[in-house]
Amino acid sequence: MKVHRDIIAEIAKSPEGPQIGAFFDFDGTLIAGFSATVFLKEQIRRGDLGPYQLVELVSAIAQFSLGTMGFSGLMTAAAQLMRGVREADYIEFGQELYEQQIARKIYPESRALVQAHMARGHTVAVISSATPYQVEPMARDLDIEHIICSRYEVSDGVFTGGIERPLCFGDGKVLAAERLSRDHGIDLDQSYFYSDSDDDLQLLERVGHPQPLNPNARLAVIAEERGWPVRRFKSRGQPQLTDYLRSIAATVSLIPSAIAGLPILALTGSMSEARNFATSIFADVSSALIGLNLVVRNEHHLWENRPAVFVFNHQSKVDIVILARLLRRDIAGVGKKEIKDMPLIGKTLEMAGIIFIDRNNSASAIRAMKPLVDAMRNQGKSVAISPEGTRSITPRLAPFKKGPFHLAMQAGVPIVPIVIHNAGDVAPKGDFVFRPATVEVDVLAPVDTSGWRSENIEEHVAQVRSMFLETLGQSEGESFAPLPAAGPAGPDKKKALKKKAPKKKPLQKTVLKKKALIKKAPKPAVQNKAPANAEPVKKVLKKKAPKKTTLKKKGLKKKILKKPVAGSSG
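Notes on the structure follow.

Calculation criteria
Residues numbered from 1 in each chain as written. Predicted model: local features only at pLDDT ≥ 70, side-chain atom pairs only at ≥ 80, totals over all residues. Heavy atoms only, no water. Buried < 20%, exposed > 50% of the residue type's maximum accessible area, 1.4 Å probe, protein only. Helix = DSSP H or I, 4+ residues; strand = E, 2+ residues; numbered from the N terminus. Pairing = 2+ DSSP bridges. Core = buried A, V, L, I, M, F, W, Y, C linked by side-chain atoms within 4.5 Å. Contact = heavy atoms within 4.5 Å. Axes fitted to C-alpha atoms, helices over the stretch in contact; angles between N-to-C directions. Parallel < 35°, antiparallel > 145°, perpendicular 65-115°, else oblique. Nonpolar A, V, L, I, M, F, W, Y, C, P; charged D, E, K, R; others polar. Expected span 1.5 Å × (residues − 1).

Side note on the pairing of strand S6 (residues 192–195)
And then number 1: Taking every second residue as pointing to the same face, both faces of S6 are buried, with Tyr-192 and Tyr-194 on one and Phe-193 and Ser-195 on the other.
And then number 2: Relative to S6, strand S1 (residues 21–24) is paired through 3 bridges, and the arrangement is parallel. Counterpart to Phe-24 in the pairing with S6 is Tyr-194.

Thoughts on the nonpolar core
Across soluble globular proteins, nonpolar side chains have a tendency to be buried as a group.
And then number 1: Within the largest apolar cluster, 61 residues are counted, with the highest numbers of intra-cluster contacts made by Phe-24, Phe-26, Leu-30, Leu-113, Val-135, Met-138 and Tyr-152.
And then number 2: With near-sequence residues (within four places) excluded, Leu-113 lies in contact with Ile-7, Ile-8, Ile-11, Phe-24, Tyr-194, Leu-213, Arg-231 and Phe-233.
And then number 3: Counting residues in hydrophobic clusters, the runner-up holds 30 residues, among them Ala-283, Ile-290, Phe-310 and Ile-418.

Focus on the packing of helix H3 (residues 51–66) against helix H4 (residues 71–80)
Helix-helix packing is described using two parameters, namely the angle between the two axes and the distance between the axes.
And then number 1: The geometry of H3 relative to H4 is characterised by a closest axis approach of 10 Å and an angle of 170° between their N-to-C directions. Classified by the interaxial angle, the pair formed by H3 and H4 is roughly antiparallel. Where H3 abuts H4, its residues Ala-60, Ile-61 and Phe-64 lie against Phe-71, Leu-74 and Ala-77.
And then number 2: Along the lines of polarity and charge, the residues of the contact of H3 with H4 split into 6 nonpolar, no polar and no charged.

A few points about the sheet that holds strand S7 (residues 209–212)
And then number 1: Ordered in space as S3-S2-S1-S6-S7, the 5 strands form an open sheet in which the pairing is parallel. Looking at the sheet topology across the chains shown, the edges are occupied by strand S3 (146–148) and S7. Each neighbouring strand pair of the sheet contributes to a mean axis angle of 20°, computed without reference to strand direction.
And then number 2: Inspection of the sheet shows S6 paired to S7 by 4 bridges, in the parallel sense. Paired with Ser-195 across the bridge in S7 is Pro-212.
And then number 3: Contacts from helix H6 (residues 108–119) reach S1, strand S2 (123–127) and S6, with the element oriented near 160° to S1.

Comments concerning the side chain of Thr-131
And then number 1: Position of Thr-131 relative to the elements: it lies in the loop between S2 and helix H7 (132–142).
And then number 2: Judged by relative accessible area, which is 0%, Thr-131 ranks as buried.

Notes on the packing of helix H2 (residues 35–46) against helix H5 (residues 87–102)
And then number 1: The N-to-C vectors of H2 and H5 enclose an angle of 105°; their axes lie 11 Å apart at closest approach. Between H2 and H5, the crossing angle belongs to the class labelled roughly perpendicular. Each of Ser-35, Val-38, Phe-39, Glu-42, Gln-43 and Arg-46 in H2 lies in contact with H5, whose residues at this interface are Tyr-90, Phe-93, Gly-94, Glu-96, Leu-97, Gln-101 and Ile-102.
And then number 2: A per-class count over the contact of H2 with H5 returns 6 nonpolar, 4 polar and 3 charged.

Examining helix H8 (residues 171–184)
And then number 1: End to end, H8 covers 20 Å across 14 residues, agreeing with the expected 20 Å (1.5 Å per residue, within 8%).
And then number 2: Taken together, the buried positions of H8 are occupied by Gly-172, Lys-173, Val-174, Ala-176, Ala-177, Leu-180 and Ser-181.
And then number 3: Packed against the buried residues of H8 are S1, S2, S3 and helix H9 (201–206).
And then number 4: Note on H8: the residue one or two positions beyond its end, Gly-185, has a positive phi of about 65°.

Given below as structure tokens:
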């Protein structure tokens, strides 16, 4: 993909091989903002933290931010709130938050940097002061194998209230990088480290290629003094008021575009011509408002064989704008039934020829799509549809449904694959705001369906899907799935990232028994920098750690906590 070629230009010229390390900080570097903030807000929203725990937590964060408490002390205080909580529940909680909120915070540019290093065969790792429950879902999404984090102590699958030392912070990150380098033959003098915080100065100084990304004020000054290259990404993070206004205008532009087609209907009496005019107006106006630039390869395939079933990979709500830009005329589409209930927009799309289906009801969906077969056979209409169904949180290709392929066979038309590379740069799943971006699209040659048979439908689906995978540079079996439960803790935890995990169950909201909550250890004397052996704290924790608690099914009152909200780097 060429969209981020300026960002990855230096990497593309670097030597190949696993002896070069590419180490990434997490919070502020791979993602915008702090994942701990997401965890904390969700816990407060669900009522998982009682008033006492919340006060303790806020106090610890404030002390850390003011510099009166070290990171070790903060993590110790955090670990105390985790006593008695099952690790499996927390892994599931972290996966849910990643899918719902954190995935869309990944910088597209940082994703491109990770992929560029992998393309050169470099050893890529996340070295973060955050916990695995924050980092691992993202690492799987980006296919990063090596994960080195700060870890809570676990015994028999339950958090003890202690922490594993050394923590992955400051000098601890240097020790972690050196250990990884010894184990995998990495030359740190040829390696890269990407970070946003001066907390990581030691490791930035240790590697041959320090890479400040979105640096805080102090790191920006240090980088300027030392001549380190600085990059700042604005593709994620808190949107400005103008971003919201542009996004609202782009969304609502569908309605005046439809109204603009009414004079065409009045003059020509042709609903089809009115729809074509409105589609073109919407495509151009909304693209301009969003700041959407398209780089399209093999565009001529869009016009070679019409009518056709145009199948596309669904990454973003901006896909509707992309398809309108590409296809322009004589198009019918398929959307989920929930869109139909949107005021004005749902009715406008219905008038534009969109068929709404219930994806949870196969029989109903098949019946709803029958008019599309007639439209292709009798009116020369083409159909645009995503075989993935719903949008994905990741650019990885999801499994394909068979509906679009049956549709093409019944209508006797070819299938034209439209491969969208990076629509998530504009608006990842769950984001309301559209961001200006350049999106790459490959239009593949039409696939003849005249010789297809229903009994071989799975083979035909696999054939087309493999074309998407090859064009996207992905391999079979890379579909996104929740991470498996964590194994034994360790500083460098290799994940079988491509192994498909069991389907994620809904998060079970559980409450620790009151007895376990009341039975608290005395407050630890949190020091600015706890010694490595920290014997007094450990003794208290081990002495008071409750037995494995039985969790009741109601609300997630696990007293869970993550890394600091402010003042530290992930």
